[in-house]
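# Working through the structure, step by step
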Amino acid sequence: MQTPRVTSYSAQVLPPKYRYILPKLHNFPPKGHLFPQSIFCRKRRMASLGGSGFVVRSQVVDGSSIGVDNGICTLNEYVGKGGIDVGDDLVVLLDHIQYACKRIAALVASPFNSSLGKQTSLAGISGYGRDAPKPLDIVSNEIILSSLRNSGKVAVMASEEDDAPIWLTDGGPFVVVTDPLDGSRNIDASIPTGTIFGIYNRLVELDDLPEEEKALLNSLQTGARLVAAGYVLYSSATILCASFGSGTHAFTLDRSTGDFILTHPSIKIPSRGQIYSVNDARYFDWPEGLRRYIDTVRQGKGRYPKKYSARYICSLVADLHRTLMYGGVAMNPRDHLRIVYEGNPLSFLVEQAGGRGSDGKNRILSMQPVKLHQRLPLFLGSLEDMEELESYGDVQQKVNPGYEV
Ligand SMILES: O=P(O)(O)OC[C@H]1O[C@](O)(COP(=O)(O)O)[C@@H](O)[C@@H]1O
């Protein structure tokens, strides 16, 4: 199996001449979010669930009712004309992303995934060291690429697995950034993994630039420009969590019908959690501020007078999903995760759920990426926990020795 690797464009760095221009382009088009507030999903009997007691609670999102007691609402219905109506182009794109993620879900759960993982010809691509793409990353990347291409709606795809963005369709209205299979180092132990994606509008004012250049510039949009973002968690359940700019909503795959069903409308991250999530074997490489913060909250001496617990799966999507559900902070304080594929989409989801995403100092969504594969410290979580953490000032891990695992 071959992976297309494009290497030509000068290290995928934003050329200096654009550093001032790109943020200005970001006023186009105005981002007063695309979608109307009124949300209604049509009723459907839960035939396939056979009265299992599965209930989508009626909730209020921005004053509108969403979900129907004892009824179900699929992702397609949610985003379609009877739902929030994100527009036909985005509906088509989401349908293709869903399909790709169902294929990846099947792949990671397959009895054959471990033999795939042992195709050494695909592993150990030189120069990547510990971050060498695993075969399942590569297959997942190809699945997503083919779905985006087939959608006809994507001008450019930038993937963590590719050196450069891939130009797909002239006139495609969207730009998709993705980490096709995050946490894949866990796959042999059947620990959860996830796909992360972000969707931007194509910047039409760049259309006349050479392909490589416009592909890069479109991919380096700030997170504040996201039209939609999401992750798919491959775990005991397959959960697609997404935001289209008005709240964060999770849909669970019903394996009997193949539909993603709205199960967690309008997720609100608790303003406080009692959980911190970090690889604390790195404690001795942390700066003083981060050590003090963790020492303080685990003794119950922080602003919230309870002892915090540690939870760390080492699979970003899973750690974030738990954080959205229970609150707290999920962090990787070293320069490891990437702003374009992980930082921006996940910060968008957290903010839409009422939390905060930062690099320990700055709001992620306001940062201008200057490199496609730019890495940064990433802190995502409950508003009050994040404020407390940031008040320690010095929380970014600057030394980053080569960890083996
Ligand atoms: O080794 P660390 O610093 O704990 O990093 C673990 C993190 O790296 C990831 O595995 C992503 O790294 P890769 O992009 O190299 O796969 C996340 O899923 C996880 O949260």
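Residues numbered from 1 in each chain as written. Predicted model: local features only at pLDDT ≥ 70, side-chain atom pairs only at ≥ 80, totals over all residues. Heavy atoms only, no water.

So, about the overall build of the protein. Counting secondary structure elements, the protein contains 11 helices and 15 strands. Residues counted as buried form 58% of the 405 residues belonging to the protein. Counting contacts in the protein only where the partners sit at least 6 residues apart, residues at least 24 apart contribute 68% of the total. For the protein, the accessible area works out to roughly 16,500 Å², and carbon and sulfur atoms hold 52% of it. (Helix = DSSP H or I, 4+ residues; strand = E, 2+ residues; numbered from the N terminus. Buried < 20%, exposed > 50% of the residue type's maximum accessible area, 1.4 Å probe, protein only. Contact = heavy atoms within 4.5 Å. Areas by Shrake-Rupley, 256 points an atom, 1.4 Å probe, with all protein chains shown as cover.)

Under the domain assignment, the protein is made up of domain 1 (75-114 + 132-266) and domain 2 (275-391). Averaged C-alpha coordinates put domain 1 and domain 2 at centres separated by 23 Å. In this assembly, 47 residues from domain 1 lie in contact with 30 residues from domain 2. Regarding the contact of domain 1 and domain 2, the summed buried area is about 2,800 Å², with carbon and sulfur atoms giving 66% of it. (Domains from an automatic or database assignment. Buried area = accessible area lost by both parts, 1.4 Å probe.)

In this section: the pairing of strand S8 (residues 238-243). The element S8 is largely enclosed, with a buried count of 6 among its 6 residues. Residues Thr238, Leu240 and Ala242 point to one face of S8 and Ile239, Cys241 and Ser243 to the other, with burial holding for every one of them. As paired elements, strand S7 (residues 228-234) and S8 share 6 bridges and run antiparallel to each other. Paired with Ala229 across the strands is Ser243, a residue of S8. The hairpin turn running from S7 into S8, its antiparallel successor, is 3 residues long. Of the pairings in the sheet, the one linking S8 to strand S9 (residues 248-254) comprises 5 bridges and is antiparallel in character. From the neighbouring strand, Ser243 faces S9, where its bridge partner is Thr248. Linkage of S8 to S9, two consecutive antiparallel strands, is achieved through a turn of 4 residues, within which Gly245 is found at a positive phi near 100°. (Pairing = 2+ DSSP bridges.)

This brings us to the pattern of salt bridges. Using the criterion set out here, one finds 13 salt bridges in the structure. The partner of Arg272 in a salt bridge is Asp385, with the nearest N and O atoms 2.7 Å apart. Placement of the pair is Arg272 in the loop between strand S10 (259-264) and strand S11 (275-277) and Asp385 in helix H11 (residues 383-390), with a sequence separation of 113 residues. Taking relative accessible area as the criterion, Arg272 reaches 15% and is therefore assigned buried. Linking Glu390 and Arg356 is a salt bridge whose minimum nitrogen-to-oxygen distance equals 2.9 Å. Placement of Glu390 in helix H11 and of Arg356 in strand S14 (residues 356-358) is noted, with a sequence separation of 34 residues between them. Here the residues in one salt-bridge network are Arg272, Glu384, Asp385 and Glu388, joined through shared partners. (Salt bridge = Lys/Arg side-chain N within 4 Å of Asp/Glu carboxyl O.)

Before going further, it helps to examine the packing of helix H9 (residues 316-326) against helix H10 (residues 339-352). The interhelical angle for the contact between H9 and H10, taken along N-to-C directions, is 15°, at an axis separation of 11 Å. In terms of their interaxial angle, H9 and H10 are classed as roughly parallel. Considering only the axes of H9 and H10, their crossing is right-handed. The residues of H10 that touch H9, namely those facing Leu316, Leu320 and Leu324, are Glu342, Leu346 and Val350. Split into classes, the residues belonging to the contact of H9 with H10 amount to 5 nonpolar, no polar and 1 charged. (Axes fitted to C-alpha atoms, helices over the stretch in contact; angles between N-to-C directions. Parallel < 35°, antiparallel > 145°, perpendicular 65-115°, else oblique. Left-handed = near helix turned anticlockwise from the far one by under 90°. Nonpolar A, V, L, I, M, F, W, Y, C, P; charged D, E, K, R; others polar.)

If you walk across this open sheet you meet the 5 strands as S12-S11-S13-S15-S14, and the pairing is mixed. Each edge of the open sheet is held by one strand with a lone partner, namely strand S12 (309-310) and S14. Examined bridge by bridge, strand S13 (residues 329-338) and strand S15 (residues 375-381) share 6 bridges and lie antiparallel to one another. Bridged to Leu337 within S15 is Leu376.

Let us now look at the environment of Cys314. For Cys314, the location among the structural elements is in the loop between S12 and H9. In this structure Cys314 comes out as partly exposed when scored by relative accessible area, which is 26%. It is 16 Å that separates the C-alpha atoms of Cys314 and Leu324, two residues lying 10 residues apart in sequence. Excluding residues that lie within four positions of it along the chain, Cys314 makes contacts with Arg185, Asn186 and Asp319.

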